[in-house]
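The residues making up each chain are set out below.
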Amino acid sequence: MLSAVVDGKKGGPVPFFRDILKAASLAVPQTDEALLMIWRREQERAHAAYANPPRPLPPRLVPTASPAASPK
């Protein structure tokens, strides 16, 4: 998620990062600490994907879909 490489004014994620996660049907963290962890994970994923050559993603960097987005 390339939006993770954009820093907010205070150096963390942009204020609307939760909205971006929700729009992408990803789990949305409720705490700022959890949000920061996901933001950093997404930074690692973006850097891995756009490395030259691209690096494979370790399983810990694969995002999970929120339960609401899962097919029933």
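Predicted model only: the values in this text are computed from it and were never measured.

Chemist: Is there a simple way to explain the pattern of salt bridges in this structure?
Modeler: Charged atoms that come close allow side chains of opposite charge to pair. Per the stated rule, a full pass over the model turns up three salt bridges. Between Arg-18 and Asp-32 there is a salt bridge, with its nearest N and O atoms 3.3 Å apart. Of this pair, Arg-18 sits in helix H1 (residues 17–23) while Asp-32 sits in helix H2 (residues 32–49), placing them 14 residues apart in sequence. Each of Arg-41, Glu-42 and Arg-45 takes part in salt bridges that share partners, so that together they form one network.

Chemist: Just checking my understanding: could you explain the environment of Glu-42 for this structure?
Modeler: Structurally, the position occupied by Glu-42 is in helix H2. The class of Glu-42 is buried, set by a relative accessible area of 1%. Of note is the side chain of Glu-42, whose polar atom sits 2.9 Å from the side chain of Arg-41.

Chemist: Would you explain H2 in this entry?
Modeler: Helical geometry: 3.6 residues make up each α-helical turn, so side chains three or four residues apart lie on a common side. Here H2 contains 18 residues, and its C-alpha end-to-end distance of 25 Å stays within 8% of the 26 Å for a straight helix at 1.5 Å per residue. Of all the residues in H2, the buried ones are Leu-35, Ile-38, Trp-39, Arg-41, Glu-42, Gln-43, Arg-45, Ala-46 and Ala-48. Of the surrounding secondary structure, the elements contacted by the buried residues of H2 are H1.

Chemist: Just checking my understanding: could you explain the nonpolar core for this structure?
Modeler: A general trend in soluble globular proteins is that nonpolar side chains are found buried together. Grouped together as the largest cluster of nonpolar side chains are eight residues: Ala-4, Val-14, Phe-17, Leu-21, Leu-26, Leu-35, Ile-38 and Trp-39. Elements with a contribution of two residues or more to this core: H1 and H2. The dominant element in this core, judged by the number of residues it contributes, is H2, at three residues.

Chemist: Quick question: what am I supposed to make of the environment of Arg-60 here?
Modeler: By secondary structure assignment, the location of Arg-60 is in the segment after H2. Take Arg-60: its relative accessible area is 57%, and that puts it in the exposed class. If near-sequence neighbours (up to four positions away) are discounted, Arg-60 is found in contact with Arg-41 and Glu-44.

Chemist: How do you make sense of unusual backbone geometry when you look at a structure like this?
Modeler: It is generally the case that most residues other than glycine have a negative phi and that most peptide bonds are trans. With an omega of 0 degrees, the peptide bond running from Asn-52 to Pro-53 counts as cis. You can see Pro-53 is positioned in the segment after H2. Not every positive phi belongs to a glycine, and Ser-25 is a case in point at roughly 60 degrees. Positionally, Ser-25 belongs in the loop between H1 and H2. Of the residues examined, Ser-25 reaches a relative accessible area of 34% and is grouped as partly exposed.

Calculation criteria
Residues numbered from 1 in each chain as written. Predicted model: local features only at pLDDT ≥ 70, side-chain atom pairs only at ≥ 80, totals over all residues. Heavy atoms only, no water. Salt bridge = Lys/Arg side-chain N within 4 Å of Asp/Glu carboxyl O. Helix = DSSP H or I, 4+ residues; strand = E, 2+ residues; numbered from the N terminus. Buried < 20%, exposed > 50% of the residue type's maximum accessible area, 1.4 Å probe, protein only. Polar contact = N/O pair within 3.5 Å; in protein donor to acceptor, adjacent residues only side chain to side chain. Expected span 1.5 Å × (residues − 1). Contact = heavy atoms within 4.5 Å. Core = buried A, V, L, I, M, F, W, Y, C linked by side-chain atoms within 4.5 Å.

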